[in-house]
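Geometric and topological summary
Here are the chains, one letter per residue:
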Amino acid sequence: MVQAPSRVSNFNRRGGALELTCALLTELREHIAAGALHNSAERSDAPKCHPETRVAVQDEVVRWIIHGESDGVPKKIMWMTGPAGTGKTAILGSVSDTCEGKGILAAAYFFSSFSGSVDRRSKRFLVPTLAYQLVQHEALSQVADKILSAVEHNPAIFEQNLEVQLDQLILGPLRACPNHTELPHAQWPKVIIVDGLDECEADQYHDKSRTNALPRSKEDDQTEILSTLKKAASDPHFPFRIVIASRPEPVIKHFFDVATFMTRELFLGGKYGPDADMARFLESKFANIRRQCELPSSWPSENIRQTLIDNASGQFIYVATIGRFLEQSDGDPNHLLEQVLRLKTSANPFAALDALYTHILNSSPDPYLTVLWLNLIFRERCLNAPPPRTISMGSATSSNSTSTTSFVVRLFLESHPGQASRVFKNVHSLVSIPPIEDHFSPYRLYHKSLVDYLEERARSETLYVGSDAVLEFMVDRYLHLWKRGC
């Protein structure tokens, strides 16, 4: 039986290979999470390491990426871990920039459960997004052709499981290019970076109204991702090292405890001198304030600086929030600093951060309404959760929508024009707030630890708002708009 010529052959005969390549690239592009790229527009507010800080840990990661093969027992995966607020995302953001500058970044994916597009919370876009970046790399033109060919031959690949996607979109193309190791050493990328794995949430595959199947948990999807990345690292044709960053959540920690034979753990502890780095960061902020407010070079005292660093308990997010609070709040810097120093702390490593969050939120003209809005937008995500829909061929119920724009948030939540400016008046150190004339950018949190604070009554205490109250407020706003005919 003679097979019909493939579309590629037909296009080549007609001189349309370029058109086919563009069509396939567009098809791949439609299934990626563009916001998860390390240099995406929606990550423009994402943290990066301040100059001359976190140098030791960045150097260790980059050295391992470049020279890891010379280790006594080479490992293909590095797991960077540490508690909330220790700077994992900032470090890997800076490492990604460094690797891109050296031409050794193959791909990167930054999960986020609280900021940016909804796609960044799902596993479904991980492999296509990594494959898309491989296609874009100048040194991987042969691999790129094979990836696009895989998309042509299996258009349903994006609805298949992660292992199949990995085989067809990444491992298969690499196996089909056996001579890739002969490329000049400087041209071949060396690393794939995956940040925020613990922020990946569960995709659901069943219509709850028609089945008794148990819903998938986020731990199920996180384990699937880890198993897929482990399979990639175990394949002899896979030339890249993999850096994964996450909090030490139980299911993730268990996975790496079992896979020690191929993974290297990097824990962000005292070994990397976080106190000295925080001191440098605070000094840069204090220097700006001294210039703006004409304060003496001795401001603030060494004792105050050390107290702030001690209160941080190794959490960079604490000093970063203090920096934004001092820079973006109205008032005398001495008075603002005194407010921070008066906050109660304890042996709990989150106590100082929680006290700072409580103080900033209580400085709002209407703290309860501010917290209610923050819970609705970021914790419950009532305004940007995609409508449930079940897609055929086993794909997950999800959406390609992005976070709701600030204009829509204001339209839905404001009882009167300008209310959002009052509600968010004093929380600029916690939330990136678009200018009033910017209708398209969303509100964004600077750090997920604020969601953790809002979720736990023991941490937010008197500012805690339960899910029922948030839902009741949401329904009231909906009914109000419906009656108004909006």
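Everything numeric here is computed off the predicted structure, so don't read it as measured data. (Residues numbered from 1 in each chain as written. Predicted model: local features only at pLDDT ≥ 70, side-chain atom pairs only at ≥ 80, totals over all residues. Heavy atoms only, no water.)

1. Some details on the overall build of the protein
The criterion, for reference: A helix here means a DSSP run of H or I that spans at least four residues, while a strand means a run of E at least two residues long, and both kinds are numbered starting from the N terminus. Throughout this description, buried means an accessible area under 20% of the type-specific maximum (1.4 Å probe, protein chains only), exposed means over 50%, and partly exposed covers the range between. Contact definition: two residues touch when any of their heavy atoms are within 4.5 Å. Computed by Shrake-Rupley with a 1.4 Å probe, the accessible areas treat only the displayed protein chains as cover when residues are assessed.
Counting its regular elements, the protein contains 20 helices and 7 strands. Taking all 486 residues of the protein together, 51% fall into the buried category. For the protein, the proportion of contacts with a sequence separation of at least 24, taken over those separated by at least 6, is 74%. Carbon and sulfur atoms provide 53% of the accessible area of the protein, an area that totals close to 22,700 Å².

2. A word on helix H5 (residues 126-136)
Judged by how many residues are buried, H5 sits mostly within the fold: 10 of 11 residues are covered. Among all positions of H5, only Leu126, Val127, Pro128, Thr129, Leu130, Ala131, Tyr132, Gln133, Leu134 and Val135 are buried.

3. Focus: the confidence of the model for the protein
The line we're drawing: Confidence scores per residue from the predictor, reported as pLDDT, run from 0 to 100.
For the protein, the average pLDDT comes to 87, and 88% of its residues sit at 70 or higher. Of the regions scoring below 50 in pLDDT, residues 385-401 engages in 35 contacts with residues more than four places distant in sequence or in other chains.

4. Side note on the side chain of arginine 444
Definition in use: Charged residues are defined narrowly, with Lys and Arg counted positive, Asp and Glu counted negative, and His plus the chain ends left uncounted. We define a salt bridge as a side-chain nitrogen of Lys or Arg found within 4 Å of a carboxyl oxygen belonging to Asp or Glu. Contacts described as polar in this section are N or O atom pairs within 3.5 Å, which, within protein, must combine one atom able to donate a hydrogen with one able to accept it, while residues neighboring in sequence count only if both atoms come from side chains.
Along the chain, the position of arginine 444 falls in strand E7 (residues 444-445). The buried charged residue arginine 444 lacks any salt bridge partner; its closest oppositely charged side chain belongs to aspartate 45, at an N-O distance of 4.1 Å. Of note is the side chain of arginine 444, whose polar atom sits 3.4 Å from the backbone oxygen of glutamate 42.

5. Points about the sheet that holds strand E5 (residues 263-267)
Paired through backbone hydrogen bonds, the strands of a sheet run either parallel or antiparallel to each other. Quick reminder of the rule: Strands are treated as partners if at least two bridges between them are detected by DSSP. Between N-to-C directions, angles span 0 to 180 degrees; the directions come from axes that are lines fitted to C-alpha atoms, helices contributing only their stretch in contact.
Reading across the sheet, the 5 strands line up as E2-E3-E4-E1-E5 and stay open at both edges, with parallel pairing between neighbours. Strands with a single pairing partner mark the edges of an open sheet, and in this sheet they are strand E2 (105-110) and E5. Ignoring strand direction, the axes of neighbouring strands in this sheet form an average angle of 15°. When E2 meets strand E3 (residues 191-195), the two strands line up parallel, connected through 5 bridges. Directly across from alanine 107, in E3, lies its bridge partner isoleucine 192. Across the sheet, helix H9 (residues 250-258) touches strand E1 (77-81), strand E4 (241-246) and E5, and the angle it forms with E1 is around 145°.

6. Topic: the nonpolar core
Note the threshold: Here, nonpolar core refers to any group of buried Ala, Val, Leu, Ile, Met, Phe, Trp, Tyr and Cys residues whose side-chain atoms link them within 4.5 Å.
In this structure, Tyr318 and Leu413 are the most contacted members of the largest nonpolar core, which totals 60 residues. The residues contacting tyrosine 318, other than those within four sequence positions of it, are Leu308, Asn311, Ala312, Val340, Ala352, Leu353 and Leu356.

7. Brief notes about the packing of aromatic side chains
We count it as follows: Side-chain rings of Phe, Tyr and Trp (the six-membered ring for Trp) are treated as a pair once their centres are within 6.5 Å; stacked means planes under 30 degrees apart, edge-to-face means over 60, and tilted covers the remaining angles. As a reminder, the over-ring test applies to NZ of lysine and CZ of arginine, requiring each to be within 6 Å of the ring centre and within 35 degrees of the ring normal.
Counting across every chain of the model gives 10 aromatic pairs. Taking 5.2 Å as the distance between ring centres and 90° as the angle between the ring planes, the aromatic pair formed by phenylalanine 238 and phenylalanine 240 counts as edge-to-face. In terms of burial, phenylalanine 238 and phenylalanine 240 fall into one category: buried. Taking 5.8 Å as the distance between ring centres and 80° as the angle between the ring planes, the aromatic pair formed by tryptophan 373 and phenylalanine 424 counts as edge-to-face. Of the two residues, tryptophan 373 is situated in helix H15 (residues 367-379) and phenylalanine 424 in the loop between helix H17 (419-423) and strand E6 (431-432); the sequence distance between them amounts to 51 residues. Residue phenylalanine 424 is classed as buried on the basis of its relative accessible area, which comes to 1%. Members of the aromatic cluster, each reached through a chain of ring pairs, are Trp79, Phe255 and Phe256. One residue, arginine 241, lies across the ring of tryptophan 64, its end atom 5.2 Å from the ring centre. Here the guanidinium or amino end of arginine 459 rests over the ring plane of phenylalanine 350, the centre of that ring lying 4.5 Å away.

8. Some points on the environment of alanine 144
Note that alanine 144 resides in helix H6 (residues 141-153). Looking at alanine 144, the relative accessible area reads 7%, which means it is buried. As for alanine 144 and tyrosine 132, which are separated by 12 residues in sequence, their C-alpha atoms are 8.4 Å apart.

9. Concerning the pattern of salt bridges
Per the stated rule, a full pass over the model turns up 27 salt bridges. In this structure, the salt-bridge partner of arginine 124 is aspartate 203, at a minimum N-O distance of 3.8 Å. You can see arginine 124 sitting in the loop between E2 and H5 and its partner aspartate 203 sitting in the loop between E3 and helix H8 (218-234), a full 79 residues away along the chain. Among the residues examined, arginine 124 registers a relative accessible area of 15% and is labelled buried. For aspartate 203, a relative accessible area of 4% puts it in the buried group. Two residues, arginine 280 and aspartate 277, come together in a salt bridge whose shortest N-O distance is 2.7 Å. Of this pair, arginine 280 and aspartate 277 both sit in helix H10 (residues 274-293), separated by 3 residues, roughly a single helical turn.

10. A closer look at the packing of H8 against H9
The test is simple: We call two directions roughly parallel when the angle between them is under 35 degrees, roughly antiparallel when it is over 145, roughly perpendicular when it lies between 65 and 115, and oblique otherwise. Left-handed describes a crossing whose near helix is turned anticlockwise from the far helix by less than a right angle; the clockwise case is right-handed.
Interhelical geometry of H8 versus H9 gives an angle of 25° and a closest axis separation of 9 Å. Relative to H9, the element H8 lies roughly parallel. In terms of crossing hand, the pair formed by H8 and H9 is right-handed. Side by side, H8 and H9 meet where Glu219, Gln222, Thr223, Leu226, Ser227 and Lys230 of the first sit next to Val251, Ile252, Phe255 and Phe256 of the second.

11. Points about the side chain of glutamate 414
Secondary-structure assignment places glutamate 414 in the loop between helix H16 (406-413) and H17. This buried residue, glutamate 414, is left without a salt bridge; arginine 410 holds the nearest opposite charge, at 5.0 Å. Within polar-contact distance, the side chain of glutamate 414 engages the backbone nitrogen of glycine 418 at 3.4 Å. Discounting chain neighbours no more than four positions away, the residues touching glutamate 414 are Trp373, Val409, Gln419, Ala420 and Arg477.

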